[in-house]
Amino acid sequence: LGDIVFVETPDIGAPLEKGAEAGVIESVKAASEIYAPISGTVTEINHSLADNPELVNTSPEGDGWMYKLNITDVGELDDLMDKAEYDVFLEELG
């Protein structure tokens, strides 16, 4: 997406289903939905993104987190990529 200019997170307490829309992210070039990687209930959102959406670009694995969940089905974690798999995925994109 490029440089992020806006992030809409889900509401605290919202139930999310794996693959369902959880929010919106916008860049200077485009907007896209954020999809829940697993099912759960939103327990916390990153309020810092309202004033600093660029944290998604500058610190995606640190201060740029979007929301936290209480997981409904721990088995869904088995379908996610680990860091090494994700790094290979990114290399194949690039």
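The structure we're discussing is the one just above.
The structure reproduced in this document is the subject of the present report. (Residues numbered from 1 in each chain as written. Predicted model: local features only at pLDDT ≥ 70, side-chain atom pairs only at ≥ 80, totals over all residues. Heavy atoms only, no water.)

**Some thoughts on the sheet that holds strand 2 (residues 15-16)**
Sheet strands line up and pair through hydrogen bonds in the backbone, either parallel or antiparallel.
Here is step 1: Overall, antiparallel pairing links the three strands, which are arranged 2-5-6 in an open sheet. Strands with a single pairing partner mark the edges of an open sheet, and in this sheet they are strand 2 and strand 6 (67-71).
Here is step 2: Judged from the two bridges that link them, strand 2 and strand 5 (residues 40-45) form a sheet pairing that is antiparallel. Its bridge partner lying in strand 5, Pro-15 is registered against Thr-41. (Pairing = 2+ DSSP bridges. Helix = DSSP H or I, 4+ residues; strand = E, 2+ residues; numbered from the N terminus.)

**Notes on the packing of aromatic side chains**
Here is step 1: The tally for this structure, following the rule as stated, stands at one aromatic pair.
Here is step 2: Across the ring face of Trp-65, the terminal group of Lys-68 is positioned such that the distance to the ring centre comes to 4.9 Å. (Phe/Tyr/Trp six-rings, centres within 6.5 Å; stacked < 30°, edge-to-face > 60°. Lys NZ or Arg CZ within 6 Å of the ring centre and 35° of its normal.)

**Focus: the pairing of strand 4 (residues 31-35)**
Here is step 1: As judged from the five bridges shared by strand 3 (residues 21-27) and strand 4, these two strands associate in the antiparallel manner. Bridged to Glu-21 within strand 4 is Tyr-35.
Here is step 2: Between the end of strand 3 and the start of strand 4, which pair antiparallel, lie three residues.

Honestly, it's all geometry; don't read function into it.
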